[in-house]
Amino acid sequence: MEKARMEIEDTITKWKRSNNGLIRIHIEGKESIQINSFIQQRAASTIKLLLAIEVFRQVDEGLLTLTSVIQRTEKNTVGGAGVLGALPQLTHIKVEELLTLMIIVSDNTATNELISLVGFEKINECARNIGLKKTVLNRYMMDETAVKQGVDNYTCASDIVECLREIYKGNFLKKSSREKIMRMLEMQQFQHKLPARIGSAFQAANKTGELQGAEHDSAILMRGNETYYAVVLIDGLSDNEQGRRLIADIGYLLSSNI
């Protein structure tokens, strides 16, 4: 992966000449590429990977069932990414449907319903139990009041790699639960960042995140018997589009040089 490392570092150096942004990278395969990977920053929707793991943990332990029907609440209905905010007439929905929407279209309303269902305390306990060091869920999605008060959700690139590894081959969840999350990630609708230019040789299972000034992506990249975990988190952007383009470039450089 040395060639990939050199190409990525060179591209970042050139990008920084005309763009602002704090870049955190952790790529794990036969070797590792890490750039400020343990520095904490805003998680955006990458935090939804942790939430998915905790929901499935509760399913594995018999505390929840995927077929349980949840009655939606007005307080959890928000805007931003997703479709449920535009479907107030859909008043009841299954847990598995909430999970699917949270992952494949990053649905914020579905996410809030799941947070309410399993609880902040259990989600953060899950983070500790799987070895995450810098990840914490402090607020609901789209809670602008909390953000103005300085309350946010945080993670780091290495923690997200650990989430991906746990989903792909970990021991924290049952194999059937890990496979369900993988299928959701493989159905991801937002593929304009890391998977955008990786070519047909690779299969991607990814989860993005974005806020004003932040662009993130995290992906499990598979080619034959090879598996790579790739996480790029960029914050402090003055132009989100430039962040999206850089992440797509990094995906291309990685897939072309390994």
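In case you missed it, the structure is sitting above this.
Everything in this summary refers to the structure shown in the same document.

Rules used in this analysis
Counting restarts for each chain: residues are numbered from 1 in the order of the written sequence. Local features are withheld for residues below a pLDDT of 70 in this predicted model, meaning they are given only at 70 or higher, and side-chain atom pairs are given and counted only at 80 or more; totals for whole chains, interfaces and linings count all residues. Only hydrogens and water are set aside when side-chain values are computed; all heavy atoms of the structure are taken into account. In this analysis, rings of Phe, Tyr and Trp, with Trp reduced to its six-membered ring, are considered paired at centre separations within 6.5 Å, and the interplanar angle assigns stacked below 30 degrees, edge-to-face beyond 60, and tilted for intermediate values. In DSSP terms, a helix is any run of H or I states spanning at least four residues, a strand is any run of E spanning at least two, and both are numbered starting from the N terminus. Only protein chains enter the accessibility calculation, which uses a 1.4 Å probe. A residue is then buried if its area is under 20% of the maximum for its type, exposed if over 50%, and partly exposed in between. Cation placement over rings: the criterion is NZ of Lys or CZ of Arg within 6 Å of the ring centroid and within 35° of the ring normal. Two strands are counted as paired when DSSP detects at least two bridges linking them. Angles here are taken between N-to-C directions and fall from 0 to 180 degrees, while the axes themselves are lines fitted to C-alpha atoms, restricted in helices to the stretch in contact. Here, two residues are considered to be in contact whenever any of their heavy atoms come within 4.5 Å of each other. What makes a salt bridge here is a side-chain nitrogen of Lys or Arg within 4 Å of a carboxyl oxygen of Asp or Glu, nothing more. In plain words, nonpolar cores are sets of buried Ala, Val, Leu, Ile, Met, Phe, Trp, Tyr and Cys residues tied together by side-chain atoms within 4.5 Å.

1. Quick notes on the packing of aromatic side chains
Okay, step 1: Summed over all chains, the structure comprises 2 aromatic pairs.
Okay, step 2: Both rings, one in Phe120 and one in Tyr140, keep their centres 5.0 Å apart while their planes meet at 85 degrees; by these two values the pair is edge-to-face. Of this pair, Phe120 sits in helix 5 (residues 120-129) while Tyr140 is found in the loop between helix 5 and helix 6 (144-148), placing the two residues 20 residues apart along the sequence.
Okay, step 3: Ring centres 6.3 Å apart and planes at 75 degrees place the aromatic pair Tyr168 and Tyr229 in the edge-to-face group. Of this pair, Tyr168 sits in helix 7 (residues 157-169) while Tyr229 sits in strand 9 (residues 226-235), placing them 61 residues apart in sequence.
Okay, step 4: Judged by relative accessible area, which is 30%, Tyr168 ranks as partly exposed.
Okay, step 5: Taking the relative accessible area as the measure of exposure, Tyr229 reaches 5% and is therefore buried.
Okay, step 6: One cation-aromatic arrangement involves Arg165 over Tyr229; the distance from NZ or CZ to the ring centre is 5.5 Å.
Okay, step 7: For Arg197, the ring lying beneath its charged end belongs to Tyr252, and the centroid distance is 4.4 Å.

2. A short note on the sheet that holds strand 9
Okay, step 1: If you walk across this open sheet you meet the 5 strands as 2-1-9-8-7, and the pairing is antiparallel. In this open sheet, the two edge strands, each paired with only one partner strand, are strand 2 (32-35) and strand 7 (203-211). When strand polarity is set aside, the average angle formed by the axes of neighbouring strands in this sheet is 10 degrees.
Okay, step 2: In this structure, strand 7 lies alongside strand 8 (residues 214-223), joined through 9 bridges in antiparallel fashion. If you follow Ala204 over to strand 8, its bridge partner there is Leu221.
Okay, step 3: The sheet strands contacting helix 8 (residues 175-186) are strand 7 and strand 8, and the helix crosses strand 7 at an angle near 70 degrees.

3. Quick look at the side chain of Thr208
Okay, step 1: Residue placement: Thr208 occurs in strand 7.
Okay, step 2: Look past the residues within four positions of Thr208 in its chain and what remains in contact with it is Ser45, Thr46, Phe190, Lys193, His216 and Asp217.

4. Some points on the pattern of salt bridges
Okay, step 1: Under the criterion given, the structure shown has 16 salt bridges.
Okay, step 2: Here Glu215 and Lys193 are joined by a salt bridge, their closest N and O atoms 2.5 Å apart. Here Glu215 is found in strand 8, whereas its partner Lys193 is found in the loop between helix 8 and strand 7, with 22 residues between them in sequence.
Okay, step 3: In this structure Glu215 comes out as buried when scored by relative accessible area, which is 1%.

5. A look at the nonpolar core
Okay, step 1: Ranked by size, the top nonpolar core spans 51 residues in total, and within it Leu50, Leu51, Val55, Leu99 and Leu114 carry the most contacts.
Okay, step 2: Residues within four places of Leu114 in sequence aside, it is in contact with Leu51, Val55, Val95, Leu98, Leu99, Met102 and Gly119.
Okay, step 3: One finds Ile23, Ile35, Leu194 and Ala230 within the second-largest nonpolar core, a separate group that totals 26 residues.

6. Points about unusual backbone geometry
In terms of backbone geometry, most residues other than glycine have negative phi values and most peptide bonds are trans.
Okay, step 1: Despite not being glycine, Asn36 shows a phi value in the positive range, around 50 degrees.
Okay, step 2: Its identity as a non-glycine residue notwithstanding, Ala44 has a phi of 50 degrees, on the positive side.
Okay, step 3: Among the structural elements, Ala44 can be located in the loop between strand 3 (41-42) and helix 2 (47-60).

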